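Here is how the chains run, residue by residue.
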Amino acid sequence: QVQLVESGGGLVQPGGSLRLTCAASGSIFSISTMGWYRQAPGEQRDLVARITSGGSTYYADSVKGRFTISRDNAKNTVYLQMNSLKPEDTAVYYCKMGLIRKWTATPDDYWGQGTQVTVSS
């Protein structure tokens, strides 16, 4: 089994910062792309940022210059540093990893349980 556990969400004032962490555990052979998504109430889940196994990154236009995604392959962990937070960043943030489990050859996508980020004064 594989489990993704997120942490680091919370309440922050506009202009503040948070760092989200998502760690994968279990019978993991390899992880390709890691990403962060967010979903506000009544909205669809949207891609925020992703990073490939080679370190290439992509950011949604709404977070460019404010958020930074990074990964630690040795720890099977992905991070999202969020700076200059705005009220419109309020959402539940989910991590997703494309990985291959040990003893299998088929890649699958796994999701974290979500962590709430609220930006409010």
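Visitor: Could you give an account of the packing of aromatic side chains, with specific residues and numbers?
Guide: How two aromatic rings sit relative to each other is given by the distance of their centres and the angle of their planes. Counted under the stated rule, the structure contains two aromatic pairs. When the ring of Tyr-94 is compared with that of Trp-111, the centres are 6.5 Å apart and the planes differ by 80 degrees; the resulting orientation is edge-to-face. Of the two residues, Tyr-94 is situated in strand S9 (residues 91-101) and Trp-111 in strand S10 (residues 107-111); the sequence distance between them amounts to 17 residues. Among the residues examined, Tyr-94 registers a relative accessible area of 14% and is labelled buried.

Visitor: An account of the side chain of Glu-6 is needed here, citing residue identities and associated values.
Guide: Examined against the element boundaries, Glu-6 turns out to sit in strand S1 (residues 2-7). Here Glu-6 occupies a buried position and makes no salt bridge, while the nearest side chain of opposite charge, Arg-45, is found at 7.6 Å. Looking at Glu-6, its side chain comes within polar contact range of the main-chain nitrogen of Cys-95, at 2.7 Å. Apart from the residues within four sequence positions on either side, Glu-6 is in contact with Thr-21, Cys-22, Trp-36, Tyr-93, Tyr-94, Cys-95, Gly-112, Gln-113, Gly-114 and Thr-115.

Cut-offs used in this document
Just so you know, the residues in each chain are numbered from 1, in the order the chain's sequence is written. Reporting of local features is limited, given that this is a predicted model, to residues whose pLDDT is at least 70; pairs of side-chain atoms are given and counted only at 80 or more, and all residues count toward the totals for whole chains, interfaces and linings. Water and hydrogen atoms play no part in the side-chain values, which are based on all heavy atoms of the structure. Only Phe, Tyr and Trp rings are paired, with Trp represented by its six-membered ring, and only when their centres lie within 6.5 Å; those with planes under 30 degrees apart are stacked, over 60 edge-to-face, the remainder tilted. Comment: elements are numbered from the N terminus, with helices defined as DSSP H or I runs of at least four residues and strands as E runs of at least two. Each residue gets one of three labels from its accessible area relative to the maximum for its type: buried under 20%, exposed over 50%, partly exposed in between, using a 1.4 Å probe on protein chains only. We score Asp and Glu as negative and Lys and Arg as positive, and we do not count His or the chain ends. Put simply, a salt bridge is a Lys or Arg side-chain nitrogen that is within 4 Å of an Asp or Glu carboxyl oxygen. Here a polar contact is taken to be a pair of N or O atoms separated by no more than 3.5 Å, where protein atoms must pair a possible hydrogen donor with a possible acceptor and residues adjacent in sequence count only if both atoms sit in side chains. Whether two residues are in contact is decided by their heavy atoms, any of which lying within 4.5 Å being enough.

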